[in-house]
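Residues per chain are reported as follows:
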Amino acid sequence: MAHTPRPAAAPAPPPAPPSPRRRRRLRAAVLAAASTGLLAAALPAPTPLGIGDPLFPQLGNPGYDVLAYDIDLTYSGVNTEPLTAVTRVHALVTADLDRLHLDFTHGTVSSVTVDGEPAAHRTAGEDLVITPEEPLTAGQPVTVTVRHTSDPRGPADSGGWVRTTDGLAMANQADAAHRVFPSNDHPSDKALFTFRITAPSALTVVAGGLPVRRADHGATTTWTYRGRHPMATELAQVSIGRSAVLHRPGPHGLPVRDVVPAADREALEPWLRRTPGHLRWMEGKVGPYPFETYGVLVADATTGFELETQTLSLFEKRLFTDTRFPQWYVDSVMVHELAHQWFGDSVSPRAWSDLWLNEGHATWYEALYAEETAGRTLERRMKAAYAASDGWRADGGPPAAPRPPAPGHKISLFRPVVYDGSALVLYALRQEIGADAFARLERRWVLDHRDSTAATADFTALAEQVSGRDLGAFFDGWLYGAKTPPMPGHPDWSALPPRPGKPG
């Protein structure tokens, strides 16, 4: 800053004492220079925390509510090299905290600040444990800035970054977002997202939400995207590659944006042009599409799955190019991921045991679409599911009460019981309360809980309210029973016994 000269005869005033904030900065600088670990020396050694989800005991963190993530990523052009990154977490503190935990693994942290002040940090399990200079107080807004790497290397089945033939995409479900960026990695804590990605200018970058700006720097370009609706960490999406971005109008002028390998745009166009019709069909069943845009991201990679990343669903290229997949099947899988935008994305599970609400509904609309457009009988599919249902329940628990993992192991959530086994619950419910009440329930569910989280108990309570009936015994059996209850309207349906040797 500029200094004004003083008259020579005037005595120099004594220096003003540093302001409290300046004193904090000075102390933080001295401590950081000595060792960031000194800040935490007076506290016991950190241990991983969690919010008590029985299926992922150490996932999520108590004491704060994330309001927004602001994530900068810099990609070198080589998808086996770590990206440099800065993640800013804007949160509201909900309990007094000496330490703040973020979920983060598979990256290297170089520095952390809390509201601009250097903070000590260390790891405990898959937690990044941050000790601010001064404790945080309930009701206080806070911004945590983490400078780190984001590493796409590692086993392909671990989730997080997916390496494609020409770049990267994300597949964070269920517990892999914290392999990409520090976060409160549980769907119960949804937040707004902004992504700024710098990449070689020959590449195209797309993320969930809508584009905000694009800045060219010659050899590199920075792309900024921002979502208008809160999102669970598992649903974040960033695509980097030699891509074509195709635009078309959807219902009510909704912008539909597809991202495909540039060399495959013509071959994929017959599939891509189907999305507006899928949107109209889904809106006819459950009401208006809940987000600002939608589209299909086709990745030239082998994942073994498709994924409902918010506003930009991820698909393997081979789903559309392998001629062994019949057209009706591909069509219905596209509807499955689209249905998730309502069931799972807009209305997210409060706990992972509520996953049946996501996958059961997406499978339900997948099967219903196949029946209405391709003659693939829903009743026949549900009868086959009923026959297998006791075995599915024995393998890992009933739809709303998956068996927790053994100590030291992670659960494999995505089993038949949460797909066709949970669609079977919805079929039974429609049989029980009638098609009209069921249709009203579906519309109310996505409207009442839009942009939020909801639990199984919320769904059962709404079903009782809409139908005007006590459904306690019905849901106890269908959602929590070890054996599949009799199917309303189909007393002749029978379930096969579980295979010998399976837990049950």
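Data block above holds the structure.
As a convention, each chain's residues are numbered from 1 in the sequence order in which they are written. For a predicted model such as this one, the threshold for reporting local features is a pLDDT of at least 70, and the threshold for listing and counting side-chain atom pairs is 80 or more; totals across whole chains, interfaces and linings nevertheless cover every residue. As a rule here, side-chain values come from all non-hydrogen atoms in the structure, and water together with hydrogens is ignored.

J.: Would you explain the sheet that holds strand β3 (residues 100-103) in this entry?
T.: Sheets are built from strands that pair by backbone hydrogen bonding, the pairs being arranged parallel or antiparallel. Sheet architecture is open: three strands sit in the order β3-β7-β6, paired in antiparallel fashion. What marks the edges here is a single partner per strand, and that holds for β3 and β6 (120-124). Taken over all neighbouring pairs, the strand axes of this sheet differ in orientation by 25° on average, direction set aside. Of the strand pairs in this sheet, β3 and strand β7 (residues 127-131) are connected by four bridges, and their pairing is antiparallel. Directly across from His101, in β7, lies its bridge partner Val129. Two strands are said to pair when DSSP picks up at least two bridges between them. Helix and strand assignments follow DSSP, with helices taken as H or I runs no shorter than four residues and strands as E runs no shorter than two, numbered in order from the N terminus. To obtain each axis, a line is fitted to C-alpha atoms, and for helices this fit is confined to the stretch in contact; angles are then taken between N-to-C directions over 0 to 180 degrees.

J.: Quick question: what am I supposed to make of the packing of helix α3 (residues 275-286) against helix α9 (residues 435-448) here?
T.: Two elements in contact, α3 and α9, have axes whose closest approach is 8 Å; the angle formed by their N-to-C orientations is 100°. By the angle between their axes, α3 is roughly perpendicular relative to α9. For the pair α3 and α9, contact is made by Glu283, Gly284, Lys285 and Val286 and by Glu442, Arg443 and Val446, respectively. Split by residue class, the contact of α3 with α9 holds two nonpolar, one polar and four charged. Oblique is the label for every angle not falling under 35 degrees (roughly parallel), over 145 degrees (roughly antiparallel), or within 65 to 115 degrees (roughly perpendicular). Contacts are residue-level and defined by heavy atoms, with any inter-residue pair within 4.5 Å sufficient. Throughout this entry, Asp, Glu, Lys and Arg are counted as charged residues, while Ala, Val, Leu, Ile, Met, Phe, Trp, Tyr, Cys and Pro are counted as nonpolar. The remaining residues, Gly among them, count as polar.

J.: Would you mind showing me how to read the packing of aromatic side chains here?
T.: The criterion for an aromatic pair is that two Phe, Tyr or Trp rings (for Trp, the six-membered ring) have centres within 6.5 Å, with stacked assigned to planes under 30 degrees apart, edge-to-face to planes over 60 apart and tilted to the rest. In total, this model carries 25 aromatic pairs according to the counting rule given. Centre to centre, the rings of Tyr289 and Trp342 are 5.5 Å apart; their planes meet at 80°, and the pair counts as edge-to-face. Within this pair, whereas Tyr289 is found in the loop between α3 and β18 (296-299), its partner Trp342 is found in the loop between α5 (327-340) and β20 (347-349), the two being separated by 53 residues in sequence. Trp342 shares its class with Tyr289; the two are buried. Three exposure classes are used, based on accessible area relative to the maximum for each residue type with a 1.4 Å probe and protein chains only: buried under 20%, partly exposed in between, and exposed over 50%.

J.: Looking at this structure, how should I read the packing of helix α6 (residues 355-374) against helix α7 (residues 378-396)?
T.: When two helices pack together, their arrangement is given by the angle between the helix axes and the distance between those axes. One can describe the packing of α6 onto α7 by two numbers: an axis separation of 9 Å at closest approach and a directional angle of 140°. Classified by the interaxial angle, the pair formed by α6 and α7 is oblique. Within the contact between the two elements, α6 uses Thr363, Trp364, Glu366, Ala367, Leu368 and Glu371 and α7 uses Leu378, Glu379 and Arg381. Residues belonging to the contact of α6 with α7 are distributed by class as follows: four nonpolar, one polar and four charged.

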